[in-house]
Amino acid sequence: MNIIKRLTSLLTVIFGVLLLTFLLIHLVPGDPVDVMLGESANMADREALRADLGLDQPLVKQFGSYLAKLAQGDLGKSIHTQTPIIDLIQARYPATLKLALLSLLIGIVVGVPLGIFAALKAGHWQDFIVTIVSVRLSAMPAFWLGPVLMLIFAVWLGWLPVSGMDSGSSIILPAVTLGFGLSAILTRMTRTSLLEVLNDDYIRTARAKGLSEQTVILRHALRAALLPIITIVGLQMGSLLAGTVITETIFSWDGVGRLLVESIEKRDYPVTQACVLIVALSYVLVNLATDVLYRLADPRVRHA
Amino acid sequence: MKFTSYSILAFWLIAVLLGNVLQLNPNAIDLKVILQSPTAQHWFGADDLGRDILARVLSGVEVSFLVALIVTGVTMTIGVLVGLLAGFYGGRVDAVLMQITDIFLAFPGILLAIAFAAVLGPGLGNLIMALCLTGWVSYARLTRGQTLSLRHRQHVQAAESLGAGVPRLLFRHILPLLASILVVEATYSLASVMIAEASLSFLGLGIQAPDASWGAMLRDAVRYMLIAPHYVLIVGGCLMSLILAINLGGDYLRDALDVRKPD
């Protein structure tokens, strides 16, 4: 697939994401200004907000000015605090990024070795246990796993803080909650793709050369097995990013996800809109990066 | 394992019926038993308003099934139609339809459903609408991929050359071959819709008080976790057992129908 085609489709997707998030506010049943300000607001405030959001303009013009403002890094203002939304996002985004990256790391560090272990023990009871556990636990939603971990490690054992972000160890429980599903999926993927590769001719050649089992697995087999793993990590980044919404809420972690939930509770729709947009755009970028990495990692794709 | 899966599923189906037959009152408040641990009278204990958790779990599972069935039915119908058309016509129709699904896929996980539910406002109807608006995409992708290859099968070409119209080709010659893969996909999606419903309710976007839903119960349970850990453990355990049973059921269905799971 050539680069121009890829770029066009990427730009179309970004345009679509912008359009869809822009239209969100128009899905509010009735008058969005009424919903946001409540019944008791006076006429002047209503008109001011309506003009501020540009809701008195024709739809196409509204979208045009939405894009124009966005290009200047202007995401609008919060209805409740009047703070520019870009400032809110800038304050919260690093926390979400930190949480997502640590979960990703946990997912990889736990998932890949477990997958290798299961593949090497394929057919034995160890493999059976790892597979059952990883298949079943990957379906465990964060709003159940989070509280259980909190109960065990924060309340009963008292090893870690319950919630908040006051100490350095506060990130551990939310990151484990978030990274758990990913590690389970990675375990399965690593096992499957390693098993596929292990029967290939070049692995037999490598063994026949007298290479140590460690070199055969780590240098030869794992390298080829990495490709599907990269794809899965990229795809799973999406659920990781979406997962921050619930995980951050459970653990009072002040990131974009929690900002989103707070804005929904306060009906601060411009903030809701901006959070959704930022998370979606992050995901689009991650997917692009995955694609590039994939090309770098696989000579067959690179030279195709 | 197979037996366990089916018996858990059967258990919850019976529970739905039982909840109706016994006419339990999930909203009856008894202030004397607030946050009480399980007892002979209240098998699952009581919640923060002294309501019987068992009765609320039974009423909540009904909501879970209802939402899962409606959303799966609607999203499958829309997604399959979109996928059939895209895969059958190819070219520009395919390009446009797939571009639209790509845009929906650019929103990770249930983020878009959260956004839709947020602006539509809380409530069961809006929750179902939000999940339907976002859930059809995976069916569209799956169906399109299959249709692309089935379209060139000989029996389809033969029917076409005998003068069969497009609807006949799609629904009599292509769709039946997709049935097993769609049934398996729908089973898994029952479970994921249940999780999505619970997530949205957990965020306060689903059914409103005093009606019971597992997500909303978990939201309350987390709040009282320090004094009444049984609440969160029981409700979460119920949810997990149901999800597990449905997913296991999907696995067996997949093996029985000989469908490769599309990853």
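Provided above is the structure to which this section pertains.
Residues numbered from 1 in each chain as written. Chains lettered and ligands numbered in written order. Predicted model: local features only at pLDDT ≥ 70, side-chain atom pairs only at ≥ 80, totals over all residues.

## Some remarks on the overall build of chain A
To be explicit about the condition: In this description a helix means any DSSP run of H or I spanning at least four residues, a strand means any run of E spanning at least two, and both kinds are numbered starting from the N terminus. Here a residue counts as buried when 20 or more other C-beta atoms sit within 10 Å of its C-beta, as exposed when there are 12 or fewer, and as partly exposed otherwise, the C-beta atoms being derived from the backbone. Note that contacts rest on C-beta atoms placed from the backbone: two residues are in contact if these are within 7 Å.
A tally of regular secondary structure across chain A gives 13 helices and 0 strands. Ordering the α and β elements of chain A from the N terminus gives α-α-α-α-α-α-α-α-α-α-α-α-α. Expressed as lengths along the three principal axes of its C-alpha atoms, the size of chain A is roughly 85 × 55 × 30 Å. Relative to its 304 residues, chain A shows a buried fraction of 37%. Nonlocal contacts in chain A, meaning residues at least 24 apart in sequence, comprise 70% of its contacts between residues at least 6 apart.

## A look at helix H3 (residues 91-105) of chain B
Test applied: Take the residue count of a helix, subtract one, and multiply by 1.5 Å to get its expected span.
Along its 15 residues, H3 of chain B runs 21 Å from first to last C-alpha, staying within 8% of the 21 Å computed at 1.5 Å per residue. Of all the positions in H3 of chain B, only Thr101, Ile103, Phe104 and Leu105 of chain B are classed as buried. Buried positions along H3 of chain B lie against helix H1 (3-24) of chain A together with helix H4 (111-120) and helix H5 (124-150) of chain B.

## Digging into the interface of chain A and chain B
The following threshold applies: Residues are sorted three ways: Asp, Glu, Lys and Arg are charged, Ala, Val, Leu, Ile, Met, Phe, Trp, Tyr, Cys and Pro are nonpolar, and all the rest, Gly among them, are polar.
Listed by partner, the interface residues are 41 residues for chain A and 35 residues for chain B. When contributions to the side of chain A that touches chain B are tallied by element, the ones reaching two or more residues are H1, helix H7 (142-156), helix H10 (213-250), helix H11 (256-266) and helix H12 (269-297) of chain A. The greatest single-element share of the side of chain A that touches chain B, amounting to 9 residues, is contributed by H10 of chain A. A breakdown of the residues in the side of chain A that touches chain B according to their chemical character gives 31 nonpolar, 8 polar and 2 charged.

## Notes on the packing of H7 of chain A against helix H9 (residues 229-257) of chain B
The description of two packed helices rests on the angle between their axes and on the distance between the axes. Short version of the rule: All axes are obtained by fitting lines to C-alpha atoms, using only the stretch in contact for helices, and the reported angles, taken between N-to-C directions, cover 0 to 180 degrees. Whether a crossing is left-handed or right-handed is set by the direction in which the near helix is turned from the far one by less than a right angle, anticlockwise for left-handed and clockwise for right-handed.
Running from N to C, H7 of chain A and H9 of chain B cross one another at 145°; their axes reach a closest spacing of 10 Å. Taken as a pair, H7 of chain A and H9 of chain B cross one another with a handedness that is left-handed. Counted together, Trp144, Pro147, Val148 and Leu151 of chain A of H7 of chain A and Pro229, Val232, Gly236, Leu239 and Met240 of chain B of H9 of chain B form the full contact between these two elements. Class assignment for the residues of the contact of H7 of chain A with H9 of chain B results in 8 nonpolar, 1 polar and no charged.

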